[in-house]
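# Coordinate analysis (summary)
Letter by letter, the chains look like this.
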Amino acid sequence: MTENIIYLDNNATTQCAPEVVDAMLPFFIGNHGNASSPHFLGRQASRAVASARELIAESVGCVVSEVFFTSCATESNNMAILGVTQSLSKRRKIVTSAIEHKSVLGPCEVLETRGFDVVIIPVKKDGNLDMDAMRCAVDEETLLVSIQAANNEIGVLQPVRAVADIAHAMGAACHCDAAQLLGKIPVSIDELGADFVSFSSHKAYGPKGIGFLIIRNHTRQIVMSPLMFGGGQENGFRPGTLNVAGIVGTGVACRLCSKNVEGEMRRITLLREQLEEGICHIVPGARIVVGESPRLPGTLSVMLPGVPADLLITRTPTVCMSMGSACTSGTVSPSHVLLALGIPRDEARCVIRFSLGRYNTDDDIQGALNAIGAALSGIAAAHIAER
Ligand code: PLP
């Protein structure tokens, strides 16, 4: 059924790698042991978790005691932000950016209702963080700065290291939402410089329902409270029976992601450029959103003048792509990311996002361009007939 589908929505989620599925299967049927059980199957599951933790730590550049499994990046973000702010510190300021994922902005909104001062740093038209505003905002009242590594909609990469340095200079902690990095560009926890770093497996050819939060060992002096209490798994930070199959799959996914990542980046950049040129050729006036900024190699966000993204998506059923707006209760509202870039609402409705990944080929790009070209001709013909 999905044979003729061209999948260009890899920032939303990725296909599980076949190697990942193969590694997970024995932990559904054969060894279903609980990793906390003392018997043979339990010990086998526990060893599989330990090996996966090693693969993950090696792939992102940290030590095994810094890897804490969660269910997704949303949980990792909430765990870091809410966990740190439950400390007894007198500091009451949280600094973040206007283009963070809702799983960062959501907990920040909750913290505001609990009396925290939340400062939202704007981004410039090119999607880059306003670093002057960041420097002004972070002070001795600041408890935590939370900044994303790469944006899911426009792909812009943020200077996490520089932000972490600003936070640390003021004695604040730094959290980084790195959900979009893994598998797309090389990841080094040391280079990011943050104290807490969130990841998700399904964005990196792993399974859904599993993520991890890196808590650096040096942060032990930052008091971080768990959000849940129970059986004491993950050192008491994230109790609950471990998702052994998901963890094993994540280990393999991370290992695959760190293999030949530079070669993949070059290949995917070429595909994206091909798509970019093709779209600009078939849609006069098409404008690449933040085309000049450093961004993820496979992300292309493009404004197609006069072509509502929801209409194009409906008319192009064989191509999976995403739009810069969300449809809630029948009304289309532009994403907070596009609005933060200063893109007018009517233009934001016409923004389409393509995100390419490991399994995309030249044929996919050509096929998508043909399908989009045909859909646009249909939309134009319908417009003429309406007049
Ligand atoms: N952070 C970013 C930047 C994302 O792109 C996403 C998902 O789109 C998330 C967090 C949430 O990830 P998950 O689906 O694993 O909760």
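Let me sum up the structure you'll find in this document. (Residues numbered from 1 in each chain as written. Predicted model: local features only at pLDDT ≥ 70, side-chain atom pairs only at ≥ 80, totals over all residues. Heavy atoms only, no water.)

Turning our eyes to something else, we now look at a nonpolar patch on the surface. The grouping of V21, L25, F28 and I29 at the surface amounts to a nonpolar patch, some 420 Å² of accessible area in total. Checked against the element boundaries, F28 lands in the loop between α1 (18-24) and α2 (40-60). (Patch = residues over 30% accessible without salt bridge, like charges linked within 9 Å, V, L, I, M, F, W, Y side chains within 5 Å. Areas by Shrake-Rupley, 256 points an atom, 1.4 Å probe, with all protein chains shown as cover. Salt bridge = Lys/Arg side-chain N within 4 Å of Asp/Glu carboxyl O. Helix = DSSP H or I, 4+ residues; strand = E, 2+ residues; numbered from the N terminus.)

Tallied over the entire structure, the rule returns three aromatic pairs. For the ring pair F199 and F212, a centre distance of 4.9 Å and an interplane angle of 20° mean the geometry is stacked. With a gap of 13 residues between them, F199 in strand β7 (residues 196-200) and F212 in strand β8 (residues 211-215) connect regions that are remote in the sequence. Note on Y205 and Y359: the rings are 5.7 Å apart at their centroids and 85° apart in plane angle, and the pair reads as edge-to-face. Of this pair, Y205 sits in the loop between β7 and β8 while Y359 sits in the loop between β15 (351-355) and α13 (362-386), and the two are 154 residues apart along the sequence. Given the relative accessible area of 5%, Y205 is considered buried. (Phe/Tyr/Trp six-rings, centres within 6.5 Å; stacked < 30°, edge-to-face > 60°. Buried < 20%, exposed > 50% of the residue type's maximum accessible area, 1.4 Å probe, protein only.)

Attention now goes to α2. With 21 residues, α2 should cover 30 Å at 1.5 Å per step; its first-to-last C-alpha distance of 31 Å lies within 8% of that length. Turning to α2, the residues buried within the fold contact β2 (67-70), α7 (189-192), β7, β8 and α8 (244-258). Where α2 terminates, the next one or two residues include G61, which has phi positive at roughly 85°. (Expected span 1.5 Å × (residues − 1). Contact = heavy atoms within 4.5 Å.)

Taken together, the four strands give an open sheet; going across it, the order is β9-β10-β15-β12, and neighbouring strands pair in antiparallel fashion. The two strands at the open ends of the sheet, each matched to only one other strand, are β9 (287-288) and β12 (322-323). In this structure, β12 lies alongside β15, joined through two bridges in antiparallel fashion. Paired with M323 across the two strands is I352, which belongs to β15. Against the sheet, helix α9 (residues 261-282) touches β9, β10 (299-303) and β15, its axis set at about 10° to β10. (Pairing = 2+ DSSP bridges. Axes fitted to C-alpha atoms, helices over the stretch in contact; angles between N-to-C directions.)

T74, D177, Q180, S200 and K203 are the nearest of the 13 residues found near the ligand. Note that an oxygen atom of the ligand is positioned 2.9 Å from one of the side-chain N or O atoms of H202. Relative to its unbound accessible surface of 400 Å², the ligand loses 89% to contact with the protein. Taking a 2 Å distance to the grid points as the criterion, the majority of the atoms of the ligand fall inside the largest pocket. Considering every element that reaches the shell around the ligand, the biggest residue donor is helix α3 (residues 73-85), with three residues. (Near = heavy atom within 4 Å. Polar contact = N/O pair within 3.5 Å; in protein donor to acceptor, adjacent residues only side chain to side chain. 1 Å grid on protein atoms, 1.4 Å probe; cavity = no way out; pocket = protein on both sides within 12 Å on 5 of 7 lines; lining within 4 Å. Sits in = over half its atoms within 2 Å of the grid points.)

Every buried residue of helix α6 (residues 160-169) is accounted for by V160, V163, A164, I166 and A167. Down the axis of α6, the sector holding all buried residues measures 160°, keeping them to one side. On its buried face, α6 sits against α5 (131-137), β5 (142-148), β6 (173-177) and α7. Within two residues after α6, G171 carries a phi angle of roughly 80°, on the positive side. (Arc of directions from axis to C-beta.)

Spatially, seven strands are ordered β2-β8-β7-β6-β5-β3-β4 in an open sheet, and the strand pairing comes out mixed. Where the open sheet ends on each side, the last strands, each with one partner, are β2 and β4 (117-121). Neighbour to neighbour, the strand axes of the sheet diverge by 20° on average, direction disregarded. Relative to β8, β2 runs antiparallel, the two being bridged by four bridges. Residue pairing in the sheet places F69 in a bridge with F212 of β8. Sitting on the sheet, α3 touches β2, β3 (93-97), β5, β6, β7 and β8, and the angle it makes with β7 is about 160°. Along the sheet, helix α4 (residues 102-113) contacts β3, β4, β5 and β6; its crossing angle with β3, the most-contacted strand, is approximately 150°.

Take the layout of surface pockets next. Taken as a whole, the largest pocket spans an internal volume of roughly 410 Å³. Forming the walls of the largest pocket are 27 residues, and the residues nearest its centre are H101, K102, N152, Q180 and K203. Of all elements in the fold, only α3, α4, β12 and α11 (336-340) reach the threshold of two or more residues within the lining of the largest pocket. Looking at the lining of the largest pocket element by element, the count peaks at three residues for α3. For the lining of the largest pocket, the per-class residue count stands at eight nonpolar, 13 polar and six charged. Approximately 300 Å³ is the volume attributed to the second largest pocket. Looking at the second largest pocket, it is lined by 13 residues, and the ones nearest its centre are I5, I6, Y7, Q15 and Y359. Taken together, the residues of the lining of the second largest pocket sort by class into five nonpolar, six polar and two charged. (Points joined across faces, edges and corners; volume = space filled by probe spheres on them. Nonpolar A, V, L, I, M, F, W, Y, C, P; charged D, E, K, R; others polar.)

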